[in-house]
Amino acid sequence: MKKILYIILILVFGCEQDEIPIRPSSSELQSFQIEMESDYKYQVYYNLENNIVVKQNLKTEWDLAFEASEDGWKIITNSARFAKVAESPNHNFNDVIFIDNLTWKTENPKGIIEETAIGDYRNKNSIYVLDLGFKIDGTNAGYKKISIDSVSHNMYNIQYANLDNTEYRSKIVIKDNSYNFQYLSLEDDILKEIEPKKQDWDLIFTQYTHLYNDPELPPFYLVTGVLSNYLNNVLIAKDTVNIFEEIEGSMINSYTFLNDQNIIGFDWKSYIFNEGYVVNSNITYIIKDTRNNYFKLRFVDFYNTNGEKGYPTFEVIKL
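Worth saying up front: this structure is predicted, and the values here are computed from it rather than measured.

J.: Describe the overall build of the protein, listing the residues and the values that go with them.
T.: On a plain count of helices and strands, the protein comes out with one helix and 20 strands. Here the protein, with 319 residues, has 48% of them falling under the buried criterion. Element-wise, carbon and sulfur atoms account for 49% of the exposed surface of the protein, whose accessible area totals about 17200 Å².

J.: For the pairing of strand β8 (residues 143-151), give the residues involved together with the corresponding values.
T.: Two faces, one strand: in a regular strand the side chains alternate between the faces of the sheet. Strand direction decides the pairing type here: strand β7 (residues 127-131) and β8, joined by four bridges, are antiparallel. The partner of aspartate 131 across the bridge, within β8, is tyrosine 143. Counted between consecutive antiparallel strands, the loop separating β8 from strand β9 (residues 155-161) contains three residues.

J.: Can you break down unusual backbone geometry residue by residue, with the values?
T.: The phi dihedral of asparagine 51 is positive, around 55°, even though this residue is not glycine. Looking at the secondary structure, you find asparagine 51 in the loop between β2 (42-47) and β3 (52-58). Judged by its relative accessible area of 10%, asparagine 51 is buried. Of note, the phi angle at asparagine 101 is positive, near 65°, even though the residue is not glycine. In this structure, asparagine 101 sits in the loop between β6 (84-88) and β7.

J.: Talk me through the nonpolar core; I want residue IDs and the actual numbers.
T.: In this structure, Phe205 and Phe299 are the most contacted members of the largest nonpolar core, which totals 27 residues. Going through the elements one at a time, β2, β13 (203-211), β18 (284-288), β19 (294-303) and β20 (309-318) are the ones with two or more residues in this core. If you tally residues by element for this core, the top one is β19, at five residues. Residues Val85, Leu130, Ile146 and Leu186 belong to the second largest nonpolar core, which totals 20 residues.

J.: Quick rundown of the sheet that holds strand β10 (residues 169-174)? Include the residues and the values.
T.: A sheet is described by the order of its strands in space; here five strands give the open sequence β6-β7-β8-β9-β10, paired in antiparallel fashion. At either end of the open sheet lies a strand with only one pairing partner, and these are β6 and β10. Taken over all neighbouring pairs, the strand axes of this sheet differ in orientation by 30° on average, direction set aside.

J.: I'd like a rundown of the sheet that holds strand β4 (residues 64-67), residues and numbers included.
T.: Through backbone hydrogen bonds, the strands of a sheet pair up, either in parallel or in antiparallel fashion. Taken in spatial order, the four strands make up an open sheet running β5-β4-β11-β12, and their pairing is antiparallel. At either margin of the open sheet sits one strand with a lone partner, and together these are β5 (75-77) and β12 (190-192). Within the sheet, the average angular offset between the axes of one strand and its neighbour, ignoring direction, is 30°. Pairing between β4 and β5: three bridges, direction antiparallel. Looking at the pairing, phenylalanine 66 lines up with isoleucine 75 of β5.

J.: Kindly report on the packing of aromatic side chains, identifying the contributing residues and their values.
T.: The full count for this structure, using the stated rule, is 23 aromatic pairs. Taken together, a centroid distance of 5.7 Å and an interplanar angle of 10° make the contact between phenylalanine 205 and phenylalanine 314 stacked. In this pair, phenylalanine 205 sits in strand β13 while phenylalanine 314 sits in strand β20, placing the two residues 109 residues apart along the sequence. This pair shows no difference in class: phenylalanine 205 is buried, exactly as phenylalanine 314 is. One cation-aromatic arrangement involves lysine 269 over tryptophan 268; the distance from NZ or CZ to the ring centre is 4.7 Å.

J.: Would you mind going over empty space enclosed by the protein in detail, with residue names and values included?
T.: Inspection of every chain in the model, using the stated rule, returns one cavity of 30 Å³ or more. As a volume, the largest cavity reaches approximately 390 Å³. In this structure, the largest cavity is lined by 30 residues; those nearest its centre are Trp62, Ile76, Phe181, Leu227 and Gln261. Contributing elements (two or more residues each) for the lining of the largest cavity: β2, β5, β11 (181-185), β13 and β14 (220-228). Its residues assigned to classes, the lining of the largest cavity shows 14 nonpolar, 13 polar and three charged.

What counts as what
Residues numbered from 1 in each chain as written. Predicted model: local features only at pLDDT ≥ 70, side-chain atom pairs only at ≥ 80, totals over all residues. Heavy atoms only, no water. Helix = DSSP H or I, 4+ residues; strand = E, 2+ residues; numbered from the N terminus. Buried < 20%, exposed > 50% of the residue type's maximum accessible area, 1.4 Å probe, protein only. Areas by Shrake-Rupley, 256 points an atom, 1.4 Å probe, with all protein chains shown as cover. Pairing = 2+ DSSP bridges. Core = buried A, V, L, I, M, F, W, Y, C linked by side-chain atoms within 4.5 Å. Axes fitted to C-alpha atoms, helices over the stretch in contact; angles between N-to-C directions. Phe/Tyr/Trp six-rings, centres within 6.5 Å; stacked < 30°, edge-to-face > 60°. Lys NZ or Arg CZ within 6 Å of the ring centre and 35° of its normal. 1 Å grid on protein atoms, 1.4 Å probe; cavity = no way out; pocket = protein on both sides within 12 Å on 5 of 7 lines; lining within 4 Å. Points joined across faces, edges and corners; volume = space filled by probe spheres on them. Nonpolar A, V, L, I, M, F, W, Y, C, P; charged D, E, K, R; others polar.

What follows is the structure, given as structure tokens:
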């Protein structure tokens, strides 16, 4: 009797109260379609482990994003709406600024591990002019000027206005390390929860600005694709050799994983005149998610059943 009671006590109290039993996840092939819509107006955050959309937002809902870690100081613009930045080092904030002869920069699609469009402002006395990019209907959203007055372990202090000093605002942005960034809409003067908590997502389906080094192409170009949660250590390898069905977990150590956010990017599809977008299903992406699980993923379509573009469909399976 004592032996039976002892076994029961082990079963009941053998785990700490905060622990939750974890069932092995299914390794069955799953298919999923992301709804960006035909004008690519949505940014969609996706979780690999649960095969779900965690959150989505209109791509025009924010203008600036502030690195949210304690030691973070980098600020990015919204490349999903083709935003650009120009530094003006010889102006005071109250000066009226004109956009003629400014040199414009956009975000590096690899992520903030590379230089941001604003760059390192901390030891400067510069004003930054922000081209807000495009609205959903394709019209220009206008311009703002920004001054980043200070950054500390827990906040940013900025001021911004129209170029002629109208609609002046002063803003404090509080950091929260459970997120990669804190997001601000300059039009609404509101801090918005755009990105989910950094542990909750792996990929974002979005438009973003791509940089070309080809002299025959524009230097900046708006593309539609997939970026990764690289700041929370999502790593990706690209396989164009092995057949999707034959890739197994035992092959993981043979891949070179990178954490540039645009490893998946946009070139898993191509546009053919009179045919539309064609997906290359021979490209397989091996992805290590935020929970250190590995998946293989390939795209199979870019259209929904009504023939509308902006609905990337992929197959994914846990390795």
